[in-house]
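What the coordinates show
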Amino acid sequence: MKFWWQRLRQSYYLTRLAIGVALVLLHVLLVMVPDTAFLNGVRVDHISLSEWIGFNGSQQFALAFFLILPLTASLGVGLILLEDLTSGFSLRVLGNTRIHYLPRLLTLTFLDGFMTGALPLAIDAFFAVLYFPNLAADLVLNRSLINPKVTFFSALAFHRPLQLMIVYILIVGCGAGLFALMGCLFGAVFQNVYLDLAGPLIVTLILTVAAEVFPKVIVSPDAVIAPMSPNFLPEFRVVVIGFIVSLIAMIGGITSIAKAKTQI
């Protein structure tokens, strides 16, 4: 692990977390703090769930977060493979350690992407619960907040709102983990840092546009993981199957390409 720790100490690897955390802190300062003025002991339309960035009415922060998530998730551990392929490090050093190198790299890449998506949302949820009552959503006051057609497990909002936030933090984290692996795959194929970073963002934008044109056929990754999706969602089991297939395909693709290009 000392090898990985020394590689990750480079400053640009911390940029991805700094961007996400900065966005949620702006949300806390510019949205949550002013909304505490409505906590007069009578009104219950401002609750922790409705103030969390995922379900808050001020969607510009959520839009910015999910728009750049494919980019920030790629700015992480997955870049190590690109660095090693272009520098020749893999050819010289990894011949006897390839069994450990790729599995550890891919695991850390996914976990790194997961943290890039989940940690900022968890911080925002912490402040939402800290500042606002953790009450269940009201069928009348919050009817515009929860729509089962655009939110998975929406019934939790009316019984266990904190669990709904946790579920979506995990969903977003898994989505960001896939973005990180996708960036690693682009890096392995093209050995270009710009395509490594921009590839997942470009793919997501293309699928977002395609989902608007063919909403019943194509879904956008950003729309699927967003707590308030701009499009109607497929069944959750379909999303799980798609996640597993994508995960296997990306891991297999990265492993095959890395071994072919390094001849190890």
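Residues numbered from 1 in each chain as written. Predicted model: local features only at pLDDT ≥ 70, side-chain atom pairs only at ≥ 80, totals over all residues. Heavy atoms only, no water.

Focus: the layout of surface pockets
In this structure, the largest pocket encloses a volume near 560 Å³. In this structure, the largest pocket is lined by 23 residues; those nearest its centre are Leu 178, Val 224, Val 239, Gly 242 and Phe 243. Those elements that provide at least two residues to the lining of the largest pocket are α8 (161-190), α9 (193-213), α10 (221-225) and α11 (236-262). Considering each element in turn, the lining of the largest pocket owes the most residues, eight residues, to α11. In the lining of the largest pocket, the residues fall into 19 nonpolar, four polar and no charged. In this model, the second largest pocket occupies a volume close to 360 Å³. (1 Å grid on protein atoms, 1.4 Å probe; cavity = no way out; pocket = protein on both sides within 12 Å on 5 of 7 lines; lining within 4 Å. Points joined across faces, edges and corners; volume = space filled by probe spheres on them. Helix = DSSP H or I, 4+ residues; strand = E, 2+ residues; numbered from the N terminus. Nonpolar A, V, L, I, M, F, W, Y, C, P; charged D, E, K, R; others polar.)

A look at the nonpolar core
Membership of the largest hydrophobic core comes to 41 residues, with the highest contact counts inside it found for Leu 49, Trp 52, Phe 66, Leu 69 and Leu 164. Leu 102, Leu 105, Ala 188 and Ile 254 belong to the second largest nonpolar core, which has 19 residues in total. (Core = buried A, V, L, I, M, F, W, Y, C linked by side-chain atoms within 4.5 Å. Buried < 20%, exposed > 50% of the residue type's maximum accessible area, 1.4 Å probe, protein only.)

Quick look at helix α2 (residues 15-35)
Taking 1.5 Å per residue as the helical rise, α2 with its 21 residues ought to reach 30 Å, and the 29 Å between its terminal C-alpha atoms agrees with that figure. Helix geometry: α2 is bent most strongly at Val 28, by close to 30°. If you check which residues of α2 are buried, you get Arg 16, Gly 20, Val 21, Leu 23, Val 24, His 27, Val 28, Val 31, Met 32 and Asp 35. (Expected span 1.5 Å × (residues − 1). Bend = angle between axes of the 7 residues up to and from the residue.)

So, empty space enclosed by the protein
Summed over all chains, the structure comprises three cavities of 30 Å³ or more. By volume, the largest cavity amounts to about 60 Å³. Around the largest cavity sit Ala 211, Pro 215, Ile 218, Val 219, Ser 220, Ala 223, Val 224, Ser 229, Asn 231, Phe 232 and Leu 233, which together line it. Residues belonging to the lining of the largest cavity are distributed by class as follows: eight nonpolar, three polar and no charged.

Digging into the side chain of Ser 74
Inspection of the secondary structure puts Ser 74 in helix α4 (residues 59-74). Reaching out from Ser 74, the side chain makes a polar contact with the backbone oxygen of Pro 70 at a distance of 2.8 Å. Setting aside anything within four residues of it in sequence, one finds Ser 74 in contact with Leu 79, Phe 179, Ala 180, Gly 183, Asp 196, Leu 197 and Pro 200. (Polar contact = N/O pair within 3.5 Å; in protein donor to acceptor, adjacent residues only side chain to side chain. Contact = heavy atoms within 4.5 Å.)

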